[in-house]
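One-letter residues, chain by chain:
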Amino acid sequence: MERFLRSWRQDALNRGQHDSAIYIGDKVLALTTKDSDSDAFWLAQVHFSNNNFTRALALLSRKDLVSRSTACRYLAAHCYIKQNQFDEALSILGEHNPTDLIRNNHTRRKIQHINNQSHVTLRNGKTATPRGERAEERERDEANNVRFEAAMCYLRGLCFSKQNAFDRARDCYKDAVRIDVQCFEAFDQLMKNSLMSPTEELEFLESLDFDSVSSPDPMMAQEAAHFTKMLYTTRLSKYSSPTILSDATETLSTHYNLAENPDILLSRAEALYTQCRFPEALELTSSILSTSQPPDLTTTNTSIPAQNNLGHAPAIYPLHLACLYETGATNALFLLSHMLADHSPEEPYTYLAIGVYYLSVSKVAEARRFFSKASLLDPHSAPAWIGFAHTFAAEGEHDQAIAAYSTAARLFQGSHLPQLFLGMQHLALNNMALAHEYLSAAYTMSTGAKLGSVPKISTALAVGGDPLVLNELGVVHYHLSHLEKAVEYFQQALALAASLHCEPSAWVATRANLGHSFRRLDLLPEALNEYDECLRVGAGGSSMGYSPFLGSGPGGSASVTTSSGVGGYEDRGLTGSLHTSRGLVLLQLGRTTEAVAALHEAVRVLGASGGGDAAGGAGVAGTLLSRALELWALEGRQQGRQTFEEDYRAACTPVPINPTKRRGTNRSHNLKGKERTAPEEMSRRRARQGPVVEEWTDEVAHATPQTEEDNVEMDLDDAADGLLRRALGRVRPSRQRRAAAPATLEMDTETSAPSGGRSRGIRHGRSHSRQ
């Protein structure tokens, strides 16, 4: 009868019929006198699974199982935790971890290896097992007790974390995994709550004893240990060694056919997100949230695509929302928020989605309210706390933002992001000392390097890290006028971003900062190269930029439209500032014409930005443009005057007459004739040749309107003609002067008109070429 009832009880539990299992389990417990402890524990587990925590506690207390059984003590403490009675749970669990079990792992493995050996042959030829059935059962009970001890360490960590004792909680979680490496709940709490830095996570993973993984098949024990280690590796921070993470993900995807597994896809999406490859990460998260539906169902039932986003692990939603925000998919955020609010109104990620949507449409007050609601539902939600702090930073409320980021830094001690954002807020407040302190702490957390040091690229690749931290450290040193150090940080950030295969358009600002540092160091060619590279990437030289995701539907289909500008920085005026800086460098290099063109483009871009800080920057570009135009006009005037003086000196210099040289018909040949003819002979020839006056008159008819520089040149021409007339008057008789008087007027017209006309023609052509 007992065997029949236990079979009935188990069958009801397998079908999810908890009431039937409880009813039959109670009869089993009443009938049995032997092994009643195991039947009582089984019935208490059914009550726990059915959320009847009080009935489970009453059953365990009535039989006094808590003091006799480790498993019952674990179940009773778990019931108290589910009821938020953490002090009562700690009174059952105790506050100290059984660290002696950690040292006995190796010994237990030896015993297990001996027990797994084959039969022993005796002298009489018979075989016998080294241990009896009772010894084997005792060892199984010991192994179960060890697992329950590890599980109780995990429960202690939960209690301490609820009491905000995060250091003690971290130690409990680590001891739980060290005692039983298969206690995944404790390892997941360590990774999910960022209780260790990326470097500490790698060190902790290497210290775990994966050889203790038990397998039903002893021949598969080593492969099972390797498989478990790779699974744990995918849960590490994506800022740690990227090579180890990619190798583990690739092996699980190819060798074990887990390429479509949601956890493996989520790990890949997180790695892409840290590399600023937001469209690719969004494709993966969309594929996780999408379920394969038959074509007829997807076309007839319009509610199925909305249901595709439900029923997934909560860890997928924060990353998916972040990718939607970064790609500017406000419509997709709106639809997802409404769907989650309708179907999951009590989940923290629902309010997180609504807050992200309001933040994307610049409704900061509403976003703050929903981020606060999400943090109240899940006090250990890092995205909710970071989003709540971002709302204050978006409004320029630096003090409130610092307070919120400080809370996040206390809750998530191993994450470098709160320290990074604290440093950025102090940088905005011009508190350079505090900014450098927080950013150095973030740099140490993300890379594991020492404070104040910049490792070589090979060292950074071995450890990993966040290039954004290096960029912010470079900005601090730039404001402190430590330009050589700033250049080193900017170059290191770009090198690390390139080695991590980050999207180039995401680091245009860092490259622009490098160009500014070069400019202040008077390394003008290097600065100009960096600005040109920034504009090249922004004009489409990279593979892709920030692209809005404008599609929804089954299968994660999307239509991607590339945004204009430098990878989404157009609204912040980065493109205009790049043109302005480029124009300034060109002015310093003396390339005025190119500087005018660059500054004109800067004014156009900044003026068309729609107001704000970008439009305000157009004033600086406009001022530089007016100065550049003045320099351009001055250089043109000086060049024209220099050309005139050279022509005048060449015309007034007496050279031997070459009678065989024929005078040409155009202006250049006339000038060569002047250079080879004496002034007296030239005047005599002009007096005899009337058609020459008509020739120059025709050229003047096509001249452009006179400018200030043309008037100056004509005045110089008149002065030169006066000097020439006085010289001719001194050497010729009065009769010849009277006869030459009409020729002098013609010569005046001839001398002034060609010079002015030629100069104006050159000016006109230059102005058109520069426009």
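This is a predicted model, so every value here is computed, not measured.

Conventions used here
Position numbers for residues start from 1 in each chain and track the written sequence from start to end. In keeping with the predicted nature of the model, local features appear solely for residues at pLDDT of at least 70, side-chain atom pairs appear and are counted solely at 80 or more, and the whole-chain, interface and lining totals rest on all residues. Side-chain numbers come from the whole structure's heavy atoms, not from hydrogens or water. Within this scheme, the nonpolar core is defined by two criteria: the residues are buried Ala, Val, Leu, Ile, Met, Phe, Trp, Tyr or Cys, and they are joined through side-chain atoms within 4.5 Å. Relative accessibility decides the category of a residue: with a 1.4 Å probe and only protein chains considered, values under 20% of the type maximum give buried, values over 50% give exposed, and everything between is partly exposed. In this analysis, two residues are considered to be in contact whenever any of their non-hydrogen atoms come within 4.5 Å of each other. Only residues whose relative accessible area exceeds 30% and that form no salt bridge are eligible for patches; like-charged ones are grouped when within 9 Å, while nonpolar side chains (Val, Leu, Ile, Met, Phe, Trp, Tyr) are grouped when within 5 Å. Computed with the Shrake-Rupley method and a 1.4 Å probe, the accessible areas treat only the protein chains shown as cover for residues. One speaks of a salt bridge when a side-chain nitrogen belonging to Lys or Arg is within 4 Å of a carboxyl oxygen belonging to Asp or Glu. Runs of E in the DSSP output that reach at least two residues are strands. Runs of H or I that reach at least four are helices, and both are numbered from the N terminus. UniProt positions are given in the numbering used here, feature names are shortened, and annotations may be inferred rather than shown by experiment. Pairing of aromatic rings covers Phe, Tyr and Trp, the last counted by its six-membered ring, and requires centre-to-centre distances within 6.5 Å; plane angles under 30 degrees mean stacked, over 60 mean edge-to-face, and any other angle means tilted. For a lysine, the NZ atom is tested; for an arginine, the CZ atom; a charge sits over a ring if that atom is within 6 Å of the ring centre and within 35 degrees of the ring normal.

**Student:** Provide a residue-level description of the nonpolar core, including the pertinent values.
**Tutor:** One finds Leu321, Leu324, Leu340, Phe371 and Tyr405 to be the most contacted residues of the largest nonpolar core, which totals 51 residues. The residues contacting leucine 321, other than those within four sequence positions of it, are Leu333, Leu336, Tyr349, Leu352, Ala353 and Val356. In this structure, Leu514, Ala527, Leu535 and Leu586 belong to the second largest nonpolar core, which totals 45 residues.

**Student:** How would you sum up a nonpolar patch on the surface? Please name residues and give values.
**Tutor:** Among the surface-exposed residues, Met1, Phe4, Trp8 and Leu31 lie close enough to one another that they form a single nonpolar patch of about 480 Å² accessible area. As for its position among the elements, leucine 31 is in helix H2 (residues 18-31).

**Student:** Kindly report on the pattern of salt bridges, identifying the contributing residues and their values.
**Tutor:** All chains considered together, the criterion is met by 20 salt bridges. Between arginine 235 and aspartate 188 there is a salt bridge; the shortest N-O distance is 2.5 Å. Of this pair, arginine 235 sits in the loop between helix H13 (221-233) and helix H14 (242-254) while aspartate 188 sits in helix H11 (residues 184-192), and the two are 47 residues apart along the sequence. Residue aspartate 188 is classed as buried on the basis of its relative accessible area of 14%.

**Student:** Please set out the UniProt feature "repeat: TPR" (unreviewed entry) in the protein residue by residue, giving values where relevant.
**Tutor:** Taking the numbering used here, the UniProt-annotated feature "repeat: TPR" (unreviewed entry) corresponds to residues 348-381 and 467-500. Taken end to end, residues 348-381 is 79% helix and 0% strand, and its two terminal C-alpha atoms sit 8 Å from one another. Here residues 467-500 runs as 88% helix and 0% strand, with 9 Å between its end C-alpha atoms.

**Student:** Which residues make up the packing of aromatic side chains, and what values go with them?
**Tutor:** Evaluation of the coordinates by the stated rule reveals 18 aromatic pairs. The interplanar angle of 65 degrees and the centroid separation of 5.3 Å between the aromatic rings of phenylalanine 48 and phenylalanine 53 together place this pair among those described as edge-to-face. Residue phenylalanine 53 is classed as buried on the basis of its relative accessible area, which comes to 15%. Taking 5.8 Å as the distance between ring centres and 70 degrees as the angle between the ring planes, the aromatic pair formed by phenylalanine 210 and tyrosine 232 counts as edge-to-face. In this pair, phenylalanine 210 is assigned in the loop between helix H12 (198-207) and H13 and tyrosine 232 in helix H13, connecting sequence segments 22 residues apart. Tyrosine 232 carries the same exposure label as phenylalanine 210, and that label is buried. Of the aromatic side chains, those joined through ring pairs into one cluster are Phe334, Tyr351, Tyr357, Tyr358 and Phe370. A cation over a ring is seen here: lysine 27 above tyrosine 23, with NZ or CZ 3.6 Å from the ring centre.

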